[in-house]
Amino acid sequence: MLFQRINRTNPEKIFVVAYNSYSTASLSNGQAVVWDYATDADGVSVTRPSARATSAGLAGAGIVAETIASGDYGLVQVFGYHSAVRVRQDTSSAAANVAAGRPLTMNAAGSVFCLEPANTASTVIITYPVAIALAAQASWTTKAIACFLKFM
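This section reports on the structure supplied with the text. (Residues numbered from 1 in each chain as written. Predicted model: local features only at pLDDT ≥ 70, side-chain atom pairs only at ≥ 80, totals over all residues. Heavy atoms only, no water.)

### Regarding the pairing of strand 6 (residues 73–87)
Bridge count between strand 2 (residues 13–20) and strand 6: seven bridges; the pairing is antiparallel. Across the sheet, the residue bridging to Lys13 is Gly80, located in strand 6. Sheet topology note: the strand 6/strand 10 (residues 143–150) ladder contains seven bridges and is antiparallel. Paired with Val85 across the two strands is Ile145, which belongs to strand 10. (Pairing = 2+ DSSP bridges. Helix = DSSP H or I, 4+ residues; strand = E, 2+ residues; numbered from the N terminus.)

Written as structure tokens, this is what we have:
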């Protein structure tokens, strides 16, 4: 783990070093990733998120903090302020828009490197928030917004 040096002007951040086992492409800053429990299962590999019904969002590893080429190592942020997290609303309806202060979790469908708002009224699958939105996002298309991460 890498801990950002404490100072008064920058918020604290914690990073882990992870291996990009997603063979199709590089990972980019702001993308949400999960621990690769399907192919590598080594505790260091991350990949594209799977459907929330598969892992209940608990496999969330963090947010990519720098471009990580396929088959290479890089930093994944697990705690603290991140200014450009990829986020989208939970469904194509405006009823599930992201608002500042809304808890976020790994996306429901999988196959997208983003976070979505947690449905706090759900009785089917228990999900655990991994971030808090610090801005609004009312689009089904992913957009980069500021968030406070708490993957740990």
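### Comments concerning the pairing of strand 2
Note: strand 1 (residues 2–3) against strand 2, two bridges, orientation antiparallel. Looking across to strand 2, one finds that Phe3 is bridged to Ile14. Where strand 2 meets strand 4 (residues 45–47), two bridges bridge the pair, whose relative direction is parallel. Pairing of Tyr19 across the sheet is with Ser45, part of strand 4.

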